[in-house]
Amino acid sequence: MRSLLVTGGCGFIGSNFILYQLEHYPQQRIVNLDKLTYAGNPENLAEVEDDRRYHFVHGDICDRAAVVELLREHAVEAVVNFAAESHVDRSILDSGPFVRTNVQGVTALMDACREAGVQRFVQISTDEVYGSLGPTGRFTEQTPLAPNSPYAASKAAADLLVRSYFQTFGFPAIITRCSNNYGPRQFPEKLIPLFIANALADEPLPVYGRGENVRDWIHVTDHCRGIDAALRRGRPGEVYNFGGDCELRNIDLTRRLLALLGKPESLIRFVEDRPGHDWRYAIDASKAKRELGWEPTIRFEDGLRDTITWYREHADWVERVRSGEYRSYYERQYGRRLSRSVG
Ligand code: NAD
Ligand code: TYD
């Protein structure tokens with residue numbers, strides 16, 4: 001697999017994946033197609049900009065004709081699709097871009113791949129397509145899809161379309177579904193980077209509801225290793241779950257972050273809950289372990305400490321990201337909530 005197209009490579013997981021590939025596969029050539037939405041930051045890949053194996057293209061996965069041309073020009077053998085609108089709260093404010101990129105974009109991309117004869121396609125999906133768990137049990141690949149947010153529904157729609165392309169056309173697609181990622185280069189709208197950035201600036205941390213919702217956290221590098229295993233060793237038509245085996249209530253995670261940052265718990269604000277807020281996610285990744293020989297390796301304590309160090313050392317990155325469009329989103333999402341917070 002000499003030539004790989006990564007879409008959405010300027011975002012959080014895509015940029016970590018590209019750096020991982022270039023580090024571990026000296027012969028790998030990578031084309032990165034990214035629309036550069038608010039979440040796409042070419043700075044994430046500044047260190048490989050001059051690497052002759054890496055090529056950036058500014059474009060949209062919805063543009064089928066342009067993608068076909070790109071696939072042919074670079075003789076692309078495999079595609080890994082990270083391109084997406086990825087934030088639940090934004091999907092509640094406006095679901096339009098989610099349907100466009102996460103649903104229509106995925107079909108346009110798969111059609112382009114079929115036309116150009118791509119040999120392998122990996123769709124990066126999420127555990128959120130399974131909906132919400134009660135206090136026990138974990139999601140397996142057999143768990144029925146029951147998405148609760150517009151974001152999750154758009155990802156589930158894409159998963160069903162990918163499945164249908166495999167069944168109907170024999171399209172060589174694999175789906176991966178992962179739990180909540182954390183690590184360097186994550187846009188500070190998601191819980192961990194948002195709370196680190198706010199705490200470093202001595203600003204309040206808006207915890208939704210009572211902070212009792214549970215997420216299963218995985219370091220982005222472990223996720224990238226899983227995607228790499230699925231890309232190279234996965235079976236077309238299959239779904240693989242990845243999780244970090246690290247379930248935490250949001251409030252416990254928040255307290256842990258504050259302790260590591262040396263900041264007071266008085267920064268915590270309990271604010272109005274997210275509508276339709278999924279209660280708990282937990283992943284059973286035994287299939288990935290059995291079939292791909294994958295398991296998470298980074299201990300949460302170590303990963304979290306390194307992530308905090310990264311954000312401390314990249315204050316300028318955070319500052320640049322937090323200016324511009326992000327400011328108006330933050331005001332829309334949190335302005336009223338924080339003015340009415342309940343302690
Ligand atoms: P992100 O928001 O950080 O990055 C998304 C990237 O896609 C950005 O660079 C953006 O510019 C690009 N993009 C958006 N629309 C595009 C389009 N139409 N054409 C081309 N590029 C476009 O997202 P992320 O957190 O890195 O997530 C990547 C993928 O992983 C997503 O598909 C997401 O659903 C999935 N996922 C994320 C998590 C998580 O915890 N972050 C967990 C499981 C799965
Ligand atoms: P998030 O990082 O948005 O990921 P997801 O919704 O995809 O799981 O949120 C993680 C958890 O943190 C989720 O239960 C919602 C909660 N949360 C807050 O309490 N406050 C916040 O400001 C954000 C962004 C999230």
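Quick caveat, the model's predicted, so the values are computed rather than measured.

Student: Describe in detail the site of ligand 2, supporting the description with residues and values.
Tutor: Taken together, 20 residues form the shell around ligand 2, and within it E128, R215, R274, H277 and Y334 come nearest. With respect to ligand 2, the side chain of E128 contributes an N or O atom lying 2.4 Å from an oxygen atom. Within the side chain of R215, one N or O atom sits 2.7 Å away from an oxygen atom of ligand 2. A total of 510 Å² of accessible area belongs to ligand 2 in isolation, and the protein chains cover 97% of it. Counting only elements with at least two residues in the shell around ligand 2, the list comes to helix 3 (88–93), helix 6 (191–200) and strand 8 (205–208). Of the residues assigned to the shell around ligand 2, the class counts are nine nonpolar, five polar and six charged.

Student: Give a detailed account of the packing of helix 1 (residues 12–24) against helix 7 (residues 220–233), specifying residues and quantitative values.
Tutor: One can describe the packing of helix 1 onto helix 7 by two numbers: an axis separation of 9 Å at closest approach and a directional angle of 65°. It follows that helix 1 is roughly perpendicular to helix 7 by the angle criterion. Every pair of crossing elements has a handedness; the one defined by helix 1 and helix 7 is right-handed. Contact residues: F12, I13, N16, F17, Y20 and Q21 in helix 1; V220, T221, H223, C224, R225, I227, D228, L231 and R232 in helix 7. Here the contact of helix 1 with helix 7 is composed, by residue class, of eight nonpolar, four polar and three charged.

Student: Requested: an account of helix 7, with residues and values cited.
Tutor: Taking 1.5 Å per residue, 14 residues should reach 20 Å; helix 7 reaches 20 Å between its end C-alpha atoms and fits that length. Looking only at helix 7, the buried set comprises V220, D222, H223, C224, G226, I227, D228, A229, A230 and L231.

Student: Kindly report on the sheet that holds strand 10 (residues 239–242), identifying the contributing residues and their values.
Tutor: Within the open sheet, the seven strands sit side by side as 3-2-1-4-5-6-10. Their pairing is parallel. In the strand order of this sheet, the two ends are held by strand 3 (54–58) and strand 10, each with one partner. Strand-to-strand twist in this sheet, taken as the mean axis angle between neighbours without regard to direction, amounts to 20°. Where strand 4 (residues 78–81) and strand 5 (residues 120–126) come together, four bridges link them in parallel fashion. Counted as the bridge partner of V80 is V122 from strand 5. Across the sheet, helix 2 (residues 64–73) touches strand 1 (3–7), strand 2 (29–34), strand 3 and strand 4, and the angle it forms with strand 2 is around 170°.

Student: Before we move on, could you go through the sheet that holds strand 7 (residues 180–182) and cite the residues and values that matter?
Tutor: In spatial order, the strands read 7-9-11; together these three strands make up an open sheet with mixed pairing. Each edge of the open sheet is held by one strand with a lone partner, namely strand 7 and strand 11 (247–249). In this sheet, neighbouring strand axes are inclined to one another by 50° on average, regardless of whether the strands run parallel or antiparallel. Sheet topology places strand 7 next to strand 9 (residues 214–219); three bridges connect them, and they run parallel. Residue pairing across strands places N180 opposite W217, the latter belonging to strand 9. Against the sheet, helix 8 (residues 250–261) engages strand 9 and strand 11, with an angle of about 85° to strand 11.

Student: Pulling in residues and values, what's your account of the packing of aromatic side chains?
Tutor: All chains considered together, the criterion is met by 18 aromatic pairs. Where W310 meets Y311, the ring centres are 4.9 Å apart and the plane angle is 75°; that geometry is what we call edge-to-face. Each member of the pair, W310 as well as Y311, carries the same accessibility label: buried. Measuring from ring centre to ring centre gives 6.2 Å for Y326 and Y329, while their planes differ by 45°; the resulting arrangement is tilted. Highlighted residues: Y326 and Y329, both in helix 12 (residues 325–339), separated by three residues, approximately one helical turn. Of the two residues, Y326 and Y329, both sit in the buried class. An aromatic cluster is present here, built from Y38, F187, Y208, Y326, Y329, Y330 and Y334 joined pairwise through their rings.

Student: Pulling in residues and values, what's your account of the side chain of R337?
Tutor: Structurally, R337 can be placed in helix 12. Buried charge without a partner: R337 forms no salt bridge, and the closest opposite charge is E272, 4.6 Å away. For R337, the side chain forms a polar contact with the main-chain oxygen of E272, separated by 2.9 Å. Those residues in contact with R337 that sit more than four places away from it in its chain are Y208, V271, E272, D273, R274 and P275.

Student: For the site of ligand 1, give the residues involved together with the corresponding values.
Tutor: In the vicinity of ligand 1 there are 28 residues, among which I13, D34, S86, Y151 and K155 approach most closely. The backbone of I13 places a nitrogen or oxygen atom 2.8 Å from an oxygen atom of ligand 1. For ligand 1, a nitrogen atom lies 3.1 Å from a polar atom in the backbone of K35. Among the elements of the structure, helix 1, strand 5, helix 5 (150–169) and strand 7 are those that each provide at least two residues to the shell around ligand 1. The dominant element in the shell around ligand 1, judged by the number of residues it contributes, is strand 5, at three residues.

Cut-offs applied
Residues numbered from 1 in each chain as written. Chains lettered and ligands numbered in written order. Predicted model: local features only at pLDDT ≥ 70, side-chain atom pairs only at ≥ 80, totals over all residues. Heavy atoms only, no water. Near = heavy atom within 4 Å. Polar contact = N/O pair within 3.5 Å; in protein donor to acceptor, adjacent residues only side chain to side chain. Areas by Shrake-Rupley, 256 points an atom, 1.4 Å probe, with all protein chains shown as cover. Helix = DSSP H or I, 4+ residues; strand = E, 2+ residues; numbered from the N terminus. Nonpolar A, V, L, I, M, F, W, Y, C, P; charged D, E, K, R; others polar. Axes fitted to C-alpha atoms, helices over the stretch in contact; angles between N-to-C directions. Parallel < 35°, antiparallel > 145°, perpendicular 65-115°, else oblique. Left-handed = near helix turned anticlockwise from the far one by under 90°. Contact = heavy atoms within 4.5 Å. Expected span 1.5 Å × (residues − 1). Buried < 20%, exposed > 50% of the residue type's maximum accessible area, 1.4 Å probe, protein only. Pairing = 2+ DSSP bridges. Phe/Tyr/Trp six-rings, centres within 6.5 Å; stacked < 30°, edge-to-face > 60°. Lys, Arg positive; Asp, Glu negative; His and termini not counted. Salt bridge = Lys/Arg side-chain N within 4 Å of Asp/Glu carboxyl O.

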